[in-house]
Amino acid sequence: MAEKIAGDLHVANDVLADIVGYAALECYGVVGMTAPNAADGIAKILPASRLRRGIVITPEEEGVRVELFVVIEYGTKISTVSQNLTDQVTFALNEYARVPIKEVIVHVQDIRVR
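Because the structure is predicted, anything quoted here is derived from the model rather than measured.

The rules behind each value
- Residues numbered from 1 in each chain as written.
- Predicted model: local features only at pLDDT ≥ 70, side-chain atom pairs only at ≥ 80, totals over all residues.
- Heavy atoms only, no water.
- Salt bridge = Lys/Arg side-chain N within 4 Å of Asp/Glu carboxyl O.
- Helix = DSSP H or I, 4+ residues; strand = E, 2+ residues; numbered from the N terminus.
- Buried < 20%, exposed > 50% of the residue type's maximum accessible area, 1.4 Å probe, protein only.
- Core = buried A, V, L, I, M, F, W, Y, C linked by side-chain atoms within 4.5 Å.
- Contact = heavy atoms within 4.5 Å.
- Expected span 1.5 Å × (residues − 1).
- Arc of directions from axis to C-beta.

Participant: Help me out: how do you make sense of the pattern of salt bridges in this one?
Facilitator: Where charged atoms of side chains with opposite charge meet at close range, the side chains can pair. Evaluated as defined, the whole model comprises seven salt bridges. In this structure, the salt-bridge partner of Asp14 is Arg52, at a minimum N-O distance of 3.5 Å. With Asp14 in helix H1 (residues 13-25) and Arg52 in the loop between strand E1 (30-33) and strand E2 (55-59), the pair connects residues that are 38 residues apart, well separated along the chain. Overall, Asp14 belongs to the partly exposed group, its relative accessible area being 43%. For Asp18, the salt bridge goes to Arg52, with nearest N and O atoms at 2.6 Å. Of this pair, Asp18 sits in helix H1 while Arg52 sits in the loop between E1 and E2; the two residues are 34 residues apart in sequence, bridging distant segments of the chain. When salt bridges that share partners are traced, they join Asp14, Asp18 and Arg52 into one network.

Shown next as C-alpha cells:
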C-alpha cells in the first residue's frame, strides 16, 4: 500500500506475546520458555501452545515493557544469549507489530542440557 490510512491500530498483548515467543524460540541457546512463578522452584518448559505464559507484556507511556522467562542451553554464554534474545525480540516487535519498546528484560530461570 502506497498511501496511509488515518486511524489507530491497537494490537492485543496476547498477539505481542505470541510474536515475542516465536522470536525467542528462534534464538540460539534458548531451549524454551517457563512460567514466571515456578511454585515448586523447578522451571518446567512450556509447550508451544502455552508459550505466552512465559512472557509478560506491560504497556507503558514510552512503549511496551517485555519480560521473558527462559531456559537456556548448557554451555552457552548467558550474557550473549540474553543480548541476542533482546535484539531478536526488539526486531520482531518493530518489524511485525510496529510497537515502540521501552525495555526487554530476560530472566534466565534454568539451564538445561539439550
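Participant: What exactly am I supposed to notice about the nonpolar core here?
Facilitator: Among soluble globular proteins, nonpolar side chains are generally buried collectively. If you look at the biggest cluster of nonpolar residues, it comprises 22 residues, and the most contacted ones within it are Val20, Ile55, Ile57, Val66, Leu68 and Val89. Mapped onto this core, the elements with two or more residues apiece are H1, E1, E2, strand E3 (64-73) and helix H2 (78-97). Once residues within four sequence positions are removed from consideration, Val89 is found in contact with Val20, Val66, Leu68 and Val104.

Participant: How do you make sense of unusual backbone geometry when you look at a structure like this?
Facilitator: The phi dihedral of Arg98 falls on the positive side, at around 55 degrees, and the residue is not glycine. Summarising the element assignment, Arg98 is placed in the loop between H2 and strand E4 (101-112). On the basis of relative accessibility, which here comes to 64%, the residue Arg98 falls in the exposed class.

Participant: Quick question: what am I supposed to make of H2 here?
Facilitator: The periodicity of an α-helix, 3.6 residues per turn, causes residues three or four positions apart to be oriented the same way. With 20 residues, H2 ought to run about 28 Å at 1.5 Å a step, and its terminal C-alpha atoms sit 27 Å apart, in line with that. Looking only at H2, the buried set comprises Val81, Ser82, Leu85, Thr86, Val89, Ala92, Leu93 and Ala97. End-on, the buried residues of H2 take up no more than an arc of 135 degrees, which puts them together on one face. A positive phi of about 55 degrees marks Arg98, the residue just after H2.

Participant: How should I be thinking about H1 in this particular structure?
Facilitator: Taking 1.5 Å of rise per residue, 13 residues should cover 18 Å, and H1 covers 18 Å from first to last C-alpha, within 8% of that figure. Burial in H1 covers these residues: Leu16, Ala17, Val20, Gly21, Ala23 and Ala24. Buried residues of H1 fall within an arc of 165 degrees about the axis and therefore sit on the same side. For H1, the elements touching its buried residues are E1, E2, E3 and H2.

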